[in-house]
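Chain by chain, the residues run as shown.
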Amino acid sequence: MSFQTAGLAGTLAPAATTWLFTSAGNSWPPVALAFAGMALLSAVCLVVQGRRESRGASG
């Protein structure tokens, strides 16, 4: 299910970026902040996943 959700979000990213850019008055900082937020969310998910896998069968 996560693979399908990621695929859907990935196909909507260009349209969402275009909308954000035009709604912000053709300004790049909101787009950059959105991508920085997505990168931060990805990093947090990787850290959480790493902690779960490091516990192994004992956790």
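Residues numbered from 1 in each chain as written. Predicted model: local features only at pLDDT ≥ 70, side-chain atom pairs only at ≥ 80, totals over all residues. Heavy atoms only, no water.

Another point: the environment of W28. When you line up the elements, W28 lands in the loop between helix 1 (2–23) and helix 2 (29–55). Residue class for W28 comes out exposed when judged on its relative accessible area of 58%. A sequence separation of 19 residues divides W28 from A9, and the C-alpha atoms of the two residues are 21 Å apart. (Helix = DSSP H or I, 4+ residues; strand = E, 2+ residues; numbered from the N terminus. Buried < 20%, exposed > 50% of the residue type's maximum accessible area, 1.4 Å probe, protein only.)

In total, this model carries one aromatic pair according to the counting rule given. Where F21 meets W28, the ring centres are 4.5 Å apart and the plane angle is 40 degrees; that geometry is what we call tilted. (Phe/Tyr/Trp six-rings, centres within 6.5 Å; stacked < 30°, edge-to-face > 60°.)

What follows is about a nonpolar patch on the surface. A surface patch of nonpolar side chains, about 260 Å² in accessible area, is lined by L40, V44 and V48. Considering the arrangement of structural elements, one finds V48 in helix 2. V48 sits in the partly exposed class, given a relative accessible area of 37%. (Patch = residues over 30% accessible without salt bridge, like charges linked within 9 Å, V, L, I, M, F, W, Y side chains within 5 Å. Areas by Shrake-Rupley, 256 points an atom, 1.4 Å probe, with all protein chains shown as cover. Salt bridge = Lys/Arg side-chain N within 4 Å of Asp/Glu carboxyl O.)

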